[in-house]
Amino acid sequence: MKKRFLIALAATAAALASGCSTTPVYPYYTEPAEGKTALLRVGGEGLISVRTVEEGDRESCFLWHTDRDFVLSYLEGVPVTKPLPYQGRSLGIPESTATKRFRDRNRWAEIRVPAGKEIEIMYSLPYERIPGTAPKIKLREGDEMPEDLGAICRTGFRMTPEAGKAYQASFIWGGHQGDYTCSAVFTSLPGEQIVRVKQLDPCHTVDLQGLTSVDGLLNNNRN
């Protein structure tokens, strides 16, 4: 509680300094403090974050944030960082075919999510570092520009949970000769019925501040 208070205090101070207000940003997902809820289990190898969709969010794409809403970080049998607050925790969600196959508790996280509100579940391909600091590599011979592994396989989904129900999102990824894909299977439990969700692509953003800098203008003129 003290840690969350300090984070919120820092965010508020930053907002006041900039002359505007903002919602406090936490490095990991924050469960709803009131209202009806549902249960959600997420799992897989990679980085997973969950957030409530807010007014003003884009409808057809999602923004991956490297500093907030994380629920799980797991790679090759080991948490990428120390286990997050919900990682390995059980809320009594019934077992599934996937959890019986992958028994490591740190591969799964169970959380409470708001019912009747749209939530966004985001996933990024496993790699050795946190997003944005992944090593740059050349994927194919002749590549002029090394690419960031963290951006190759990144996906997001939206759904509206129903009160009192339990859900599971099991994320998977695969690749062959530099071509990577990632996806998820959403089910309701205990029956493991498939749940229809909306898949989103990552939003494309432009660094306007960088473009208007001296270096940005010079580089843009050279292209």
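Residues numbered from 1 in each chain as written. Predicted model: local features only at pLDDT ≥ 70, side-chain atom pairs only at ≥ 80, totals over all residues. Heavy atoms only, no water.

Some remarks on the nonpolar core
Part 1 of the argument: Counting 28 residues, the largest nonpolar core has Leu40 and Ile121 as the members making the most contacts within it.
Part 2 of the argument: Going through the elements one at a time, strand 1 (37-43), strand 2 (46-52), strand 4 (70-75), strand 6 (108-114), strand 7 (119-124), strand 10 (154-159), strand 11 (166-176) and strand 12 (179-189) are the ones with two or more residues in this core.
Part 3 of the argument: What Leu40 contacts, discounting residues up to four positions off in sequence, is Val50, Ile93, Ala109, Glu110, Ile111, Val113, Ile119, Ile121, Tyr167, Gln168 and Ala169.
Part 4 of the argument: Counting residues in hydrophobic clusters, the runner-up holds seven residues, among them Phe62, Trp64, Phe70 and Leu200. (Core = buried A, V, L, I, M, F, W, Y, C linked by side-chain atoms within 4.5 Å. Buried < 20%, exposed > 50% of the residue type's maximum accessible area, 1.4 Å probe, protein only. Helix = DSSP H or I, 4+ residues; strand = E, 2+ residues; numbered from the N terminus. Contact = heavy atoms within 4.5 Å.)

Considering the pattern of salt bridges
Part 1 of the argument: One pass over the full model with this rule turns up eight salt bridges.
Part 2 of the argument: Two residues, Lys198 and Glu118, come together in a salt bridge whose shortest N-O distance is 3.8 Å. Here the residue Lys198 occupies a position in strand 14 (residues 198-202), and Glu118 occupies one in the loop between strand 6 and strand 7, the gap between them amounting to 80 residues.
Part 3 of the argument: Residue classification places Lys198 among the partly exposed residues on the basis of a relative accessible area of 39%.
Part 4 of the argument: By relative accessible area, Glu118 is classed as partly exposed at 28%.
Part 5 of the argument: Shared partners join several salt bridges into a network, and the residues in it are Arg51, Asp57, Glu120 and Arg158. (Salt bridge = Lys/Arg side-chain N within 4 Å of Asp/Glu carboxyl O.)

Some remarks on the sheet that holds strand 3 (residues 61-62)
Part 1 of the argument: Read from one edge of the open sheet, seven strands run 3-14-10-7-2-4-5, paired in mixed fashion. If you trace the sheet from one side to the other, it starts and ends with strand 3 and strand 5 (78-79), each paired once.
Part 2 of the argument: Strand direction decides the pairing type here: strand 4 and strand 5, joined by two bridges, are antiparallel. Counted as the bridge partner of Tyr74 is Pro79 from strand 5. (Pairing = 2+ DSSP bridges.)

Things to note about the packing of aromatic side chains
Aromatic ring pairs are reported here in terms of the distance separating the ring centres and the angle at which the planes meet.
Part 1 of the argument: For the structure on display, the rule yields six aromatic pairs.
Part 2 of the argument: Measuring from centroid to centroid gives 5.8 Å for Trp64 and Phe70, while their planes differ by 70 degrees, and the two rings are edge-to-face. Take Trp64 and Phe70: they sit in the same class, and that class is buried.
Part 3 of the argument: Between the aromatic rings of Phe171 and Phe186, the centroid separation amounts to 6.3 Å while the plane-to-plane angle is 75 degrees, which identifies the pairing as edge-to-face. With Phe171 in strand 11 and Phe186 in strand 12, the pair connects residues that are 15 residues apart, well separated along the chain. Note on accessibility: Phe171 and Phe186 belong to one class, buried.
Part 4 of the argument: Chaining the aromatic ring pairs together yields one cluster made of Tyr123, Phe157, Phe171 and Phe186.
Part 5 of the argument: Between Arg107 and the ring centre of Phe102, over which it is positioned, the NZ or CZ distance is 3.8 Å. (Phe/Tyr/Trp six-rings, centres within 6.5 Å; stacked < 30°, edge-to-face > 60°. Lys NZ or Arg CZ within 6 Å of the ring centre and 35° of its normal.)

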